[in-house]
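Overview (structure and organization)
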Amino acid sequence: MADEIDYEGLPSNAGLGVNMLAGALAGISEHAVMFPIDSIKTRMQVFATSPLAVYSGVGNAFSRIASTEGVRALWRGVSSVILGAGPAHAVHFGTLEAVKELCGGNEAGNQWLATSLAGASGTIAADAFMNPFDVVKQRMQVHKSEFRSVWVCARSVYRAEGIGAFYVSYPTTLAITIPFNAIQYTVYDHLKKFMNPRNEYSPQSHIIAGGIAGAVAAAVTTPLDVAKTILQTRGASTEADIRNVKGMADAFKVIWARDGLKGFGRGLTPRVLTIMPSSALCWMSYEFFKAAIRSD
């Protein structure tokens, strides 16, 4: 009972340092655990001509990658995520909580506008930091990637394509993550309040609310995620139409020309399977670390 009283007595806004540290720890936990499914999602979203790189589903992709490349291939690029996820999530949650407090999101009642604005603000700041790490990660995830080192991959991309290659997908990333995080944080915050109106320490409500919020946001933003993957892996393609993609509109044209409407749903299942549990884990970890740090 003492733990519950301490948790209830904690202020809604714990301070920038606490929120950033909790966010960093939560981000690393989230990405590291779900990385293999994220690798499968990337493989399914890339348009490939090699029969070995065409997958019909999550199970098919897993078995084919494991049998032809080894299970370790599913973890290729995880070091890039770990390097970027901690600082990026620290920035994300620090900004999110600060904007929420500034806009009155911690006041009584349903503060839909404040929570949506907080979620969007957090992702704008975090994605500016994380985008280059995400480009490197996806270049290492693709079929027959030549890269085994983050630094070698980053240098190779820079030399071949310039600094712009690390940010060519940034507008598309924001087009995904602003609505994604606005939806996710709004759904999470209101589900958490509905399930736990007393604001007691309740990991179950954090897990359920986080998972549902992540699944909804992931499904809605999948078409944009397919476009982002094309932009971030274009340099690894041998096909002219993909290598010449300059932005989100070009990516949409390629998707439509090659696969029609169903192309915009590429990787939907692994994306939801990745984000639903990772979102649940992220929010549970964030709430846990935030409470644990403040109670020390």
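For the structure itself, consult the block above.
Below is a summary of the structure that appears in this document.

Thresholds applied
Residues numbered from 1 in each chain as written. Predicted model: local features only at pLDDT ≥ 70, side-chain atom pairs only at ≥ 80, totals over all residues. Heavy atoms only, no water. Helix = DSSP H or I, 4+ residues; strand = E, 2+ residues; numbered from the N terminus. Buried < 20%, exposed > 50% of the residue type's maximum accessible area, 1.4 Å probe, protein only. Contact = heavy atoms within 4.5 Å. Areas by Shrake-Rupley, 256 points an atom, 1.4 Å probe, with all protein chains shown as cover. Phe/Tyr/Trp six-rings, centres within 6.5 Å; stacked < 30°, edge-to-face > 60°. 1 Å grid on protein atoms, 1.4 Å probe; cavity = no way out; pocket = protein on both sides within 12 Å on 5 of 7 lines; lining within 4 Å. Points joined across faces, edges and corners; volume = space filled by probe spheres on them. Nonpolar A, V, L, I, M, F, W, Y, C, P; charged D, E, K, R; others polar. Salt bridge = Lys/Arg side-chain N within 4 Å of Asp/Glu carboxyl O. Core = buried A, V, L, I, M, F, W, Y, C linked by side-chain atoms within 4.5 Å.

As for the overall build of the protein
Looking only at helices and strands, the protein has 11 helices and 0 strands in total. Moving toward the C terminus, one meets the helices and strands of the protein in the order α-α-α-α-α-α-α-α-α-α-α. Sorting the 296 residues of the protein into buried and exposed places 52% on the buried side. Across the protein, the fraction of contacts at a sequence separation of at least 24, relative to all contacts at a separation of at least 6, is 77%. When the accessible surface of the protein is totalled, it reaches about 13,100 Å², and 65% of it is carbon and sulfur.

As for the packing of aromatic side chains
By the definition in use, this model includes 6 aromatic pairs. Judged by centre distance (6.4 Å) and plane angle (20 degrees), the rings of Phe 35 and Trp 75 are stacked. Highlighted residues: Phe 35 in helix α2 (residues 16-45) and Trp 75 in the loop between α3 (58-68) and α4 (78-102), separated in sequence by 40 residues. Note on Tyr 188 and Trp 283: the rings are 4.0 Å apart at their centroids and 15 degrees apart in plane angle, and the pair reads as stacked. With Tyr 188 in helix α7 (residues 170-195) and Trp 283 in helix α11 (residues 268-295), this residue pair connects regions lying 95 residues apart in the sequence.

Re the layout of surface pockets
Estimated volume of the largest pocket: approximately 600 Å³. Along the walls of the largest pocket sit 29 residues, with Val 142, His 143, Ala 236, Ser 237 and Thr 238 positioned nearest its centre. At the level of elements, α6 (150-161), α8 (203-233) and α9 (240-243) are the ones that each hand at least two residues to the lining of the largest pocket. It is α6 that provides the largest number of residues to the lining of the largest pocket, a total of 4 residues. The residue inventory of the lining of the largest pocket, partitioned by class, reads 12 nonpolar, 9 polar and 8 charged.

Details of the pattern of salt bridges
Two side chains with opposite charge may pair up if their charged atoms get near one another. Tallied over the entire structure, the rule returns 14 salt bridges. For Asp 134, the salt bridge is made with Lys 137, and the minimal N-O distance between the two is 3.1 Å. Separated by 3 residues within a single helix, Asp 134 and Lys 137 lie in helix α5 (residues 112-141), roughly one turn from each other. Close ionic contact of Lys 228 with Asp 134 constitutes a salt bridge, the shortest N to O distance being 3.0 Å. Highlighted residues: Lys 228 in helix α8 and Asp 134 in helix α5, separated in sequence by 94 residues. Accessibility expressed as a relative area gives 12% for Asp 134, which makes it buried. Salt bridges sharing common partners tie together Asp 38, Lys 41, Asp 134, Lys 137, Asp 225, Lys 228 and Arg 271.

Here we look at the nonpolar core
Phe 47, Val 168, Val 226, Ala 227, Ile 230, Leu 231, Ile 242, Val 245, Ala 251, Val 254, Ile 255 and Phe 264 together form the largest nonpolar core, which totals 12 residues. At the level of elements, α8 and α10 (248-259) are the ones that each hand at least two residues to this core. Top element by residues in this core is α8. It accounts for 4 residues. Within the second largest apolar cluster, 11 residues are counted, among which are Leu 96, Ala 118, Tyr 188 and Cys 282.

As for the environment of Ala 61
Its location among the elements puts Ala 61 in helix α3. C-alpha of Ala 61 to C-alpha of Ile 40: the two residues are 21 residues apart in sequence and 6.4 Å apart in space. With residues up to four places along the chain from it excluded, the contact list for Ala 61 reads Ile 40 and Tyr 55.

The quantities given are spatial measurements derived from coordinates; they are silent on function.
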